[in-house]
Amino acid sequence: MESPEACSSGEASPVAAERPSEAAALRALIDRVRAGEVDAAREVRRLTRASARHRRKLAPAVEPLVAMLRAGAPDAGEAALLALLNLAVRDERNKTKIVDAGALEPLLGYLQSSDLNLQEYATAALLTLSASSTNKPIISASGAIPLLVQVLKEGNPQAKNDAVMALYNLSTITDNLQAILAVQPIPPLIELLKGGKRSSKTADKCCALLESLLAFDQCRVALTSEEGGVLTIVEVLEEGSLQGREHAVGALLTMCESDRSKYRDLILNEGAIPGLLELTVHGTPKSRMKAHVLLDLLRNSPYSRSKLQPDTLENIVTNIASQIDGEDRGGKAKKMLAEMVKVSMEQSLRHLQRRASFA
């Protein structure tokens, strides 16, 4: 999320020039912020809630607001934090200005606050600031990553959602992936996925982050050690948004490509095939491609087929890649899905029982 206050609606049409009285009022407001007035910080927060023009005109308030934030008084700190949060929303210059003014140190302090509201606001601020490519390496070097993972483990629901999105923003710097893994994010990521809607934006970012982290063996071991970990990703594959399903199939593909013999049966046993088949027809271009590649990896078993009978799930999967192409992909997919339900009743029942145990 961005600011809990800010929204995209309600913005009046920009004006070419502000009235002299308005300009004087804004200068006076900034002077009051410099004087440390808490009510002035609250007024900045109010004016910048939905106004890009006020975010720009009140940019000179950033440094005194950061000074107020650093002073440590609870009421002043909260007012300054919320004003800075609104100033940063959808304003790249203010994002960098806030970091340059020294806001990170007090923000990291608030991440560790026992006041869960302050922790939530600080997490939202870091999420907003971390959207700036200029800020990402500075935030990464500040020690924010372990604290964000701690919020992911112990924060309130909104703070957890914002923490995972901030971690995703920072994960786009490849060097940060090991730093994220070092503080054991997999259990809280899976817990967050289990507890929320599979089609939510939070689920999208969880799966996107997992897709990147699963390039490392440490993450793959942690995920498969987590009860219901792979199953939860399969559920996003089936029930998620288009973006979430794209990342979910990417996560499973990364696992299978890293060690096919180790992860192939695990992915099959969690019932990934129906969701993969549907993606080959209804997914995004990237998810369709990833689903095809993963199905290819799942279809030809290196193990003995002596126990397999004709028409088992394995034999159906063997023919998927060749059968799904062509003009009648949708009809073929539906036919295969129906056949799969018929010939894999036992496996489907086992899968449903496993889901029920994690509900």
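It should be emphasised that the depicted structure is a prediction, and the values quoted were computed from it without experimental measurement.

Rules used throughout
The residue numbers shown here count from 1 along each chain, following its written sequence. Where local features are concerned, this predicted model is filtered to residues with pLDDT of at least 70; where side-chain atom pairs are given and counted, the filter is 80 or more; whole-chain, interface and lining totals use all residues. Hydrogen atoms and water are omitted, and side-chain values are computed over all heavy atoms in the structure. Numbering goes from the N terminus for both helices and strands, where a helix is a DSSP run of H or I of at least four residues and a strand is a run of E of at least two. Relative accessible area decides the class of each residue, using a 1.4 Å probe on protein chains only: under 20% of the type maximum gives buried, over 50% gives exposed, and in between gives partly exposed. Any pair of residues with heavy atoms lying within 4.5 Å of one another is described as a contacting pair. For the area figures, the Shrake-Rupley method with a 1.4 Å probe applies, and any residue is considered shielded solely by the protein chains shown. We define the nonpolar core as a collection of buried residues of types Ala, Val, Leu, Ile, Met, Phe, Trp, Tyr and Cys that are connected through side-chain atoms lying within 4.5 Å of one another. The working definition used for a salt bridge is a side-chain nitrogen of Lys or Arg within 4 Å of a carboxyl oxygen of Asp or Glu. Axis geometry follows a simple rule: fit a line to the C-alpha atoms, using only the stretch in contact for helices, then measure angles between N-to-C directions, giving values from 0 to 180 degrees. In this scheme, a crossing is called left-handed if the near helix is turned counterclockwise away from the far one by less than a right angle; it is called right-handed if the turn is clockwise. Just so you know the grouping, Ala, Val, Leu, Ile, Met, Phe, Trp, Tyr, Cys and Pro go in nonpolar, Asp, Glu, Lys and Arg go in charged, and all remaining residues, Gly too, go in polar. What the arc measures is the spread of directions leading from the helix axis to the C-beta atoms.

**Side note on the overall build of the protein chain**
Within the protein chain, the regular secondary structure consists of 23 helices and zero strands. Residues classed as buried in the protein chain amount to 50% of the 359 residues present. Within the protein chain, contacts between residues at least 6 apart in sequence are counted, and of these 71% link residues at least 24 apart. Split by element, the accessible area of the protein chain, about 16400 Å² in all, is 51% carbon and sulfur.

**Observations concerning the nonpolar core**
Counting residues in each nonpolar core, the largest one holds 97 residues, and the members touching the most others are Leu65, Leu107, Leu148, Leu189, Leu213, Leu252 and Leu276. Of all the elements, helix α5 (residues 74-88) adds the most residues to this core, at ten residues. Here leucine 276 is in contact with Leu237, Val249, Ala291, Leu294, Leu295 and Leu298, once residues within four sequence places are set aside.

**Notes on the pattern of salt bridges**
In this structure the tally under the stated criterion is 13 salt bridges. Arginine 56 is the salt-bridge partner of aspartate 91, the closest N and O atoms lying 2.7 Å from each other. Of this pair, aspartate 91 sits in the loop between α5 and α6 (92-100) while arginine 56 sits in helix α3 (residues 52-57), and the two are 35 residues apart along the sequence. Judged by relative accessible area, which is 8%, aspartate 91 ranks as buried. Exposure remark for arginine 56: the relative accessible area of 27% places this residue in the partly exposed category.

**Focus on the packing of helix α10 (residues 144-154) against helix α11 (residues 157-171)**
Relative orientation of the contacting elements α10 and α11 amounts to 150 degrees, with a least axis distance of 8 Å. Crossing of α10 against α11: the hand is left-handed. On α11, the residues touching Ile145, Leu148, Val149, Val151, Leu152, Lys153 and Glu154 of α10 are Ala159, Lys160, Ala163, Val164, Ala166, Leu167 and Leu170. Class assignment of the residues belonging to the contact of α10 with α11 gives a composition of eleven nonpolar, no polar and three charged.

**Some remarks on helix α18 (residues 260-269)**
For α18, the full list of buried residues reads Tyr263, Arg264, Ile267 and Leu268. Buried residues of α18, viewed axially, fall in a sector of 135 degrees; they line one side.

**Some words on the environment of phenylalanine 216**
For phenylalanine 216, the position within the fold is in the loop between α14 (201-213) and α15 (217-225). By relative accessible area, phenylalanine 216 is classed as partly exposed at 22%. Sequence separation of phenylalanine 216 and leucine 181 is 35 residues, and the distance between their C-alpha atoms is 8.8 Å. Not counting chain neighbours up to four residues away, the residues in contact with phenylalanine 216 comprise Leu177, Gln178 and Leu181.

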